[in-house]
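# Structure assessment
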Amino acid sequence: MSQHDTGSQSRVIVATTAMLSFISFWRAAAIVLNDLGSSAYYVGGIAEHAIGKSAPWFILGVMLFSIAVRSVYIESSILFVRGGAYRVVKEAMGPTAAKATVSALIFDFLLTAPISGVSAGHYLVGLINELAAFAEIPLELPRDVGAAFFAILVILYFWRLNLVGIEESSSKALSIMKVASVMVSALIFWGGWTLLVRGGQPVPLPDLGKMDFHPGALGWLGGTALPAVPLVALFIGFGHSILALSGEETLAQVYREIAHPKFANLKRAALTIFVFSLVLTSLVSFLGIALIPDAERAHYHDNLIGGIAMNLAGPFALRLCFHVFVVIIGVMMLAGACNTAIIGSNGVLNRLSEDGVLVDWFRKVHREYGTTYRFLNLIVGLQVLIVIVSRGDVFILGEAYAFGVIWSFAMNALATLILRFKRPEAREWKVPLNVRIRGREIPVGLASVTAVLFATAIANLLTKKVATVSGLLFTAVMFVVLVVSERIATAKKLSESKDMEKFLLEDRAAITREAVDVRPGCIVVAVRNYETLYPLEKVLRKANTRQQDIVVLTGRRMRGVRHDQGALTCEQIFMSFEQKLFSRAVAMAEREGKRINLLVVPGNDISDIIIRSALQLKASKVVAGISNRMPMEEQARRLGEAWEAAGPHSRGLTLELIDRRLKSHFFDIGPHPPRLWPVDIGRLHEMWLRLSREKFGAELHHRDVVGVALKRLDRDLDDPARKEEVMRELCAELVSDQHRREFAGRDAVKKDPASDSEE
């Protein structure tokens, strides 16, 4: 409820458990594997370049260790449904440590797209060169330059998609992983058959006393005796292979979307991720050493799976076809990782802005598309700059990339360890190996994982000069930006608080007319941005609130939260953005002298939120602005599908979409009287006249004629012999109907250009 200076009141109802949708553990695993699995395409070559032919054993060790890291993420995700490293570290160690952690995490996201895009480029350029050689075409593209150019194109492509607002789909991720599973199976059987019939080179076990380190892989430890110490050599090799774990943070982000039973499905997803990534990533690194001759393997370090495909047993043409298949799958997965990096970076930065760490200037939405374009421009600009600076060198990118990966893991593990003592309440899951001494639980397993991660992080800090210098510099600059921005945002909030409405939030478990205090037949106005409230402006001007109530509705995206997994608090749903949105809505209502009701509904799908809320309130009309992300007809279709998904209803409602010129476009949703053309009404009347004269007289009505016609059409559609004829007639009617619409549209424009149009 809003207590304004004038004493007027506006109500805010928050429904905390309504309308949330979820995904299966298969889809959740697919989303993570599109990011995590893509590292199999480049980690083997990068690790061998740094630590020699024994690299596959270190990669295998990292993949086995991944189940321990994933256990940490499972425990932290259960603590915070809307979690991730930033939230966990903030709860455990405070906002300062959280800012440092999120700075390293953003560095990770910023490098994910360049290394994935460049790796995809290397595979594509390598394939083009192979095909040119096979076709005897004198063409050889420059590898690094071509890969960098392709990476920039991919990043810019996904920048455009995210700017327009096309969202990532779990179904697409699942489809990619299904095809990738076929590729992995073929690689296992074909590679195994090749080893049986032709043999292969042995993969040497690592000799920790005299490792074959690349000179550039030792960093500041080069020239010292420390790399000869077995334990130090172990962590150096482990650090150069830790790239195989990239993408673990995605598991924490996707947890909120996993369906019930949430914890059981999270464990299933984690197991699926572990098995698939263990097989794919380890297999590629071992087959790379075993099948590709030493003299040729350096040529394939940035294109390892392509090299494996070309060194399998069998005809050259068949191997080349498999190479094409491998590259197509690789480009799809690596490009998906680029998109995930942009989405992840944008999500983290928006979360910081929502928490008041970044000033609202960054969150300004695009005038046409309604997306936070300044964040997207900043992210993509930095990613393109990284690609240009690296010149498409996947080894430089891989070395720098490890910084954000390992430090975000280490800080998340340390924060989870601290929370064991800070919040010792019972959990559904704990990292195993917990020992009780005198009634006090000692988290041996969690502490061991944390120690290994920090030891690896320190080894990377000393051996990866590029990662250390660039990572620390970026983290320091980003940390300073966050601190300064938070102070500016805090000062700005204090200055704006005098002009902001103060709302009393009433928490409701469901939407009812009694709770919102509206009469049947109300108007629901859907709003999402305080800078584009023109639909509300038009409704306030035209509506008679003595006869119809106005409900201003905004949806809050809160994916994957269930009442049995931790209820949403009012502060999680109604934040500063909603306060500013509703404050402006109240100000507009006061200028018109009309009462409005305010409603925030959390959910996953905005169309579903709008339609279900309207149905529960028994609204007669839904009003919204025309989306800049999709055509008007598509927007109406999605709302119509949401109405159908909400279940059978005897009555429909009117949808009014308003553009920026305040011109309205109307659509009917659900059952409604058809809008007939004059020619159709004339035909119906002539049929009624004919039938009434021949037999039925005054007892026959127009609706009886329509009823019989509909029943006969229904029977014809069920009859295969008649259905095709009906379909042809409907197609012809659609064509003539379109002509009538175009003519009517031109005629309406000639008569009254300012009038509302009906669709």
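Residues numbered from 1 in each chain as written. Predicted model: local features only at pLDDT ≥ 70, side-chain atom pairs only at ≥ 80, totals over all residues. Heavy atoms only, no water.

## As for the overall build of the chain
Each helix and strand in the chain was counted, giving 26 helices and 11 strands. For the chain, the proportion of its 759 residues judged to be buried stands at 53%. A fraction of 79% describes how many contacts in the chain between residues 6 or more apart in sequence connect residues 24 or more apart. Summing over all exposed atoms, the chain offers an accessible surface of approximately 34,400 Å²; the carbon and sulfur share of this is 62%. (Helix = DSSP H or I, 4+ residues; strand = E, 2+ residues; numbered from the N terminus. Buried < 20%, exposed > 50% of the residue type's maximum accessible area, 1.4 Å probe, protein only. Contact = heavy atoms within 4.5 Å. Areas by Shrake-Rupley, 256 points an atom, 1.4 Å probe, with all protein chains shown as cover.)

## Here we look at the confidence of the model for the chain
As a general rule, the predicted coordinates of low-pLDDT regions are not to be interpreted in detail. Averaged over every residue, the pLDDT of the chain is 83; residues scoring 70 or more account for 87%. Within the model, the stretch residues 14–20 combines pLDDT values under 50 with 32 contacts to residues more than four positions away or in other chains. (pLDDT = per-residue confidence, 0-100.)

## Things to note about the nonpolar core
Counting 162 residues, the largest nonpolar core has Tyr 41, Ile 106, Ile 308, Leu 349, Leu 352 and Leu 453 as its most contacted members. Here Leu 453 is in contact with Phe 65, Val 69, Ile 406, Phe 409, Ala 410 and Ala 413, once residues within four sequence places are set aside. Listed in part, the 32 residues of the second largest apolar core include Val 524, Val 551, Leu 615 and Leu 655. (Core = buried A, V, L, I, M, F, W, Y, C linked by side-chain atoms within 4.5 Å.)

## Description of helix α3 (residues 55–79)
Helical geometry note: an α-helix holds 3.6 residues per turn, so side chains three or four residues apart project in the same direction. With 25 residues, α3 extends 36 Å between its outermost C-alpha atoms, agreeing within 8% with the 36 Å of an ideal straight helix rising 1.5 Å per residue. Most pronounced at Phe 65, the bend in α3 amounts to some 30 degrees. Counting buried residues along α3, 20 of its 25 residues qualify, which places the element largely inside the surrounding structure. (Expected span 1.5 Å × (residues − 1). Bend = angle between axes of the 7 residues up to and from the residue.)

## Focus: the packing of aromatic side chains
A complete count under the given rule lists 15 aromatic pairs for this structure. Ring geometry for Phe 362 against Phe 375: centres 5.6 Å apart, planes inclined by 5 degrees, an arrangement best described as stacked. A residue pair is termed long-range when its members are at least 10 positions apart, and Phe 362 in the loop between α13 (316–354) and α14 (373–390) and Phe 375 in helix α14 qualify at 13 residues. Judged by its relative accessible area of 18%, Phe 362 falls in the buried class. The rings of Phe 107, Phe 403 and Phe 474 are connected pair by pair, giving a single aromatic cluster. (Phe/Tyr/Trp six-rings, centres within 6.5 Å; stacked < 30°, edge-to-face > 60°.)

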